[in-house]
Structures are given as C-alpha cells and as structure tokens.
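Results of the structural survey
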Amino acid sequence: MAERRLTLALGVLAAVVLYAVLVPWVAGIDDRLTDFAAARQAPSARWWFGTDAAGRSLFVRIAAALRTSLLVAACAAAVSTVLGVAVGAVAALAGGRVDRVVMRLADTANALPHLLLGIVIVALFRGNAVAVVLSIGLTHWVQVARIVRAESLSLREREYIAAAVLAGAGRSHLLLRHLLPAVAPQALIAVVLLLPHAIWHESTLSFLGFGLPPHEPSLGTLLEEARTSLLLGGWWTLVFPAGFLVLTTVAVAVAGSALRGVLLPPRPSRMPR
C-alpha cells in the first residue's frame, strides 16, 4: 500500500516539476514582460490559465513561480535537516551536560513563533532569496534534532557500538561510521516532510511582503498579486496558483508519509513466551 501511494505521489510531483521546468523554457517568454492590452483575460483557448493585471500569461508565470518556490523550499529543507542532524547527533554522542544544554536551546528555539522569527530574519535582508532560505532553515530544525537524538541514543546501546568503543574508536569515528549512516533514512524522510512546511512558509512570507521581491515570481508573490484582481472578478488569478500550491504540498506530504512506511517499516512486536 505504501509503495502504491509513493508511486502515485512521485508521479504527481514529477508532472509538477516537469511543468515548472519545461513550460518557461518551451514558451520562450520572459514572464516579467507586460502587455496591458491583454490584462485580466479569463481562461480561454489562448490563455489557458488567464492573464494577470499586467497581461502576463499565468500558465507561464505559475510554472516560473513553482520553480522558484520548489528551489527555495528544497534548499531550506536541506539546511534545516543538516542542522538538525548535526545538533541531534552531537548532543547524543556528547551526552551529559552538553546534551542537556543543547536540548534546552532546542526547546527555546521551538517555543519561538516560527513565522515571527522568520519575518525578523528576512526583514534584515529584505528581498534576498538566501535570507528566505535561512529564515525557514533556522526555524524548522528542532524536530529533526529530536528524532536524530532519540535514534542516536538508541544506537549507543547496541552491541556493535559498545564493541567499537572497547576497540578504541573515537567520537568522530562513531559519528561518521556508525551514527550518521544509521540515521540517514530518517534524514531523507525529514527532508521530504519539511518540504511542504518550507513551501507554505515561503508563500506566507512572500504573501505578507517580506519574502521574495514582486518581480521574482513565486507562489506567494502570485497570491499576493491576486488580492487586487480578485476584487475585480479575476478569480483565476487566485484559483490556479492556490491550486498548484495545495497540489504540490499534498503530493509531497503523501510521498513523505509513504517513504517513511517503505524505509522504516514497523518493527514486529515480540511474541510472548
């Protein structure tokens, strides 16, 4: 069942990625060029998704926006996962006071409102894609750190880890040869599961005007632009970007859940003797 859901979700994601990559390239249209004579055209045979207030094709512009949002989300998820894996593994490996201090810092970071903290970070470097990536990555690493720490603490009790310690293996050897390879499946799942959060976070920041600049298309900037057009009857300027936002995030979430079932199958319970 998990394999079937994973195949379906990956198929949807592949279609979305192909649309985001190929349409702007095949169309050969600069999505920043305006044509006010074609402004606010409803969906038709010529304009499949209609046009925006500046006369730009939403079919092309949404594809470019998807490409930007997916790239930003993927980079942010990778930053968050790398940071969470590093913090969780080091905390579990060091133990003692270091573990307690690190996890208290993680609890403090988790208690802060993620959106508010992200706005503060982005406001320092407004309109910078790197700032958007960092604002997401630095606010979503705590859960990854906790999962990796718990798994690492469990691995420390395994016999082969104890044997490696008795053989004189140092902490760096244990980290690189045993702990990190063991938590790699959790790290991969974390990247996939963080993608929907990162996409919505970027869209929210851009919608509020703190994310990417207006000339840089993303799903958030398109939704922000749709507010005015919606009041003038341009329903398509909201429906199509929002539809792709929901479709993409649901497909990624389903893929992450199915991937967890494939890579981390439930352990069989022991039969009573």
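Preceding block: the structure.
These lines cover the structure that appears in this document, whether it is placed above or below. (Residues numbered from 1 in each chain as written. Predicted model: local features only at pLDDT ≥ 70, side-chain atom pairs only at ≥ 80, totals over all residues. Heavy atoms only, no water.)

**Considering the pattern of salt bridges**
The criterion, for reference: Basic side-chain nitrogens of Lys or Arg form a salt bridge, by our definition, when they fall within 4 Å of a carboxyl oxygen of Asp or Glu. The numbering of helices and of strands both runs from the N terminus, where a helix is a DSSP run of H or I of at least 4 residues and a strand a run of E of at least 2. Buried residues are those whose accessible area, probed at 1.4 Å on protein chains only, stays under 20% of the maximum for their type, while exposed residues exceed 50% and partly exposed ones sit between those limits.
Following the criterion strictly, the structure yields seven salt bridges and no others. Here R146 ties to D107 by a salt bridge, and the two come within 2.5 Å at their closest N and O atoms. Separated by 39 residues along the polypeptide, R146 in helix α6 (residues 142-156) and D107 in helix α3 (residues 96-111) bring together distant segments of the chain. Note that R227 is salt-bridged to E224, the shortest N-O span being 2.8 Å. In this pair, R227 and E224 are both assigned in helix α9 (residues 219-231), three residues apart and thus about one turn of the helix distant. Here E224 falls in the partly exposed class, since its relative accessible area comes to 28%. Look at the salt bridges and you will find they share partners, linking D52, R56, R61 and E225 into a network.

**Focus on the nonpolar core**
This is how the line gets drawn: Joining through side-chain atoms within 4.5 Å is the link that ties buried Ala, Val, Leu, Ile, Met, Phe, Trp, Tyr and Cys residues into a set, and such a set is a nonpolar core.
Y19, I62, L66 and V132 are the most contacted members of the largest nonpolar core, which has 49 residues in total. Every element with two or more residues in this core is listed here: α1 (2-27), α2 (58-94), α4 (114-124), α5 (129-137), α6, α8 (171-207), α9 and α10 (236-263). With twelve residues, α2 is the single largest residue contributor to this core. In terms of nonpolar packing, the next biggest core, distinct from the first, is built from eight residues, V87, A91, M103 and V142 among them.

**A look at the packing of α2 against α5**
Just so we agree on the cut-off: Helix axes are fitted to C-alpha atoms over the stretch in contact, other axes to C-alpha atoms as well, and angles between N-to-C directions run from 0 to 180 degrees. Oblique is the label for any angle not under 35 degrees, not over 145, and not in the 65 to 115 range, which are roughly parallel, roughly antiparallel and roughly perpendicular in turn. In this scheme, a crossing is called left-handed if the near helix is turned counterclockwise away from the far one by less than a right angle; it is called right-handed if the turn is clockwise. We call two residues in contact whenever any of their non-hydrogen atoms come within 4.5 Å of each other. Residue type decides the class: Asp, Glu, Lys and Arg count as charged, Ala, Val, Leu, Ile, Met, Phe, Trp, Tyr, Cys and Pro as nonpolar, and the leftover types, Gly among them, as polar.
Viewed as axis vectors pointing N to C, α2 and α5 meet at an angle of 45°, and their least axial separation amounts to 8 Å. Taken together, the axes of α2 and α5 are oblique relative to one another. The element α2 and its partner α5 pack so that their crossing is right-handed. In this structure, α2 contributes V72, C75, A76, V79, S80 and L83 to the contact, and α5 contributes V132, V133, I136 and G137. A per-class count over the contact of α2 with α5 returns eight nonpolar, two polar and no charged.

**Digging into the environment of L124**
You can see L124 is positioned in helix α4. The exposure class assigned to L124 is exposed, which follows from its relative accessible area of 63%. Separated by 86 residues in the primary sequence, L124 and F210 have C-alpha atoms spaced 10.0 Å apart.

**Describing the layout of surface pockets**
Selection rule: Here the term cavity refers to a set of points on a 1 Å grid, laid over the protein atoms alone, in which a 1.4 Å probe fits but cannot get out; the term pocket refers to an open set having protein on both sides within 12 Å along at least five of seven lines, with lining residues being those that place an atom within 4 Å of a point. Grid points are joined across faces, edges and corners, and a volume is the space filled by probe spheres set on the points.
What the largest pocket holds in volume is close to 370 Å³. Forming the boundary of the largest pocket are 19 residues, of which Q143, V144, I147, L193 and L194 lie nearest the centre. Put simply, the parts of the chain that give the lining of the largest pocket at least two residues each are α6 and α8. Considering every element that reaches the lining of the largest pocket, the biggest residue donor is α8, with seven residues. Taken together, the residues of the lining of the largest pocket sort by class into eleven nonpolar, seven polar and one charged.

**Notes on α9**
Applicable threshold: Between the first and last residue of a helix there are one fewer steps than residues, each counted as 1.5 Å, and that sum is the expected span. Bend is computed residue by residue as the angle between axes fitted to the seven residues ending at the residue and the seven residues starting at it.
Over its 13 residues, α9 runs 19 Å from end to end, which matches the ideal 18 Å to within 8%, given 1.5 Å per residue. Remark: the principal bend of α9, roughly 30°, maps to E225. Listed as buried for α9 are L219, G220, T221, L222, L223, A226 and S229. Positive backbone phi, at 95°, marks G233, one or two positions downstream of α9.

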